[in-house]
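# Remarks on the overall topology
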Amino acid sequence: IQELLRVMRTIDDRIVHELNTTIPTASFVGKIDAGQTCKELYQSLMDAHTSRERIIKNCIAQTSSVVKTLREEREKAQDDLTLLKQLRKEQTKLKLMQSELNVEEVVNDRSWKVLS
């Protein structure tokens, strides 16, 4: 998921470049509709943020479900070390996904400040 998010965050990573190529210089003002181009960039950014947030939240929901199931199984078989290891692994994955939400918030804030 981290690799997928990295690829999906390309638009945010390149926001300054996108703005520099979107806003026309004085010699190109009449040839390019800067307002329309800026609206398209805004919409692309909104779509990217929405889809990334949806993906992260879906992963959190799925992993939470797995953790809940493993906890229930662990209560029934407290001596099962394999089950304990699997539970810890899933809990770590869940924490990673939750931290990705925080990263997403920082990335989004930075992009919106640059765009503004």
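Structure report, in brief. If you're wondering where the values come from, they're calculated on a predicted model, not measured in any experiment. (Residues numbered from 1 in each chain as written. Predicted model: local features only at pLDDT ≥ 70, side-chain atom pairs only at ≥ 80, totals over all residues. Heavy atoms only, no water.)

It is possible for side chains bearing opposite charge to pair when their charged atoms get close. Taken as a whole and judged by the stated rule, the model has eight salt bridges. Arg 52 serves as the salt-bridge partner of Asp 12, at 2.7 Å between the closest nitrogen and oxygen. Here Arg 52 lies in helix H4 (residues 34-76) and Asp 12 lies in helix H2 (residues 10-13), a separation of 40 residues in the sequence. A relative accessible area of 0% places Asp 12 in the buried class. (Salt bridge = Lys/Arg side-chain N within 4 Å of Asp/Glu carboxyl O. Helix = DSSP H or I, 4+ residues; strand = E, 2+ residues; numbered from the N terminus. Buried < 20%, exposed > 50% of the residue type's maximum accessible area, 1.4 Å probe, protein only.)

Before going further, it helps to spend a moment on the nonpolar core. Core analysis: the biggest nonpolar cluster contains 10 residues, these being Leu 5, Ile 56, Cys 59, Ile 60, Val 67, Leu 70, Leu 83, Leu 87, Leu 94 and Met 97. Elements represented by at least two residues in this core include exactly H4 and helix H5 (81-115). If you tally residues by element for this core, the top one is H4, at five residues. Not counting the four nearest positions on each side in its chain, Leu 87 is found in contact with Val 67, Leu 70, Arg 71 and Arg 74. (Core = buried A, V, L, I, M, F, W, Y, C linked by side-chain atoms within 4.5 Å. Contact = heavy atoms within 4.5 Å.)

In this structure the tally under the stated criterion is one aromatic pair. Look at Tyr 42 and Trp 112: their rings are 5.2 Å apart centre to centre, the planes differ by 50°, and that puts the pair in the tilted class. Placement of Tyr 42 in helix H4 and of Trp 112 in helix H5 is noted, with a sequence separation of 70 residues between them. Tyr 42 sits in the partly exposed class, given a relative accessible area of 40%. By relative accessible area, which is 23% here, Trp 112 ends up partly exposed. (Phe/Tyr/Trp six-rings, centres within 6.5 Å; stacked < 30°, edge-to-face > 60°.)

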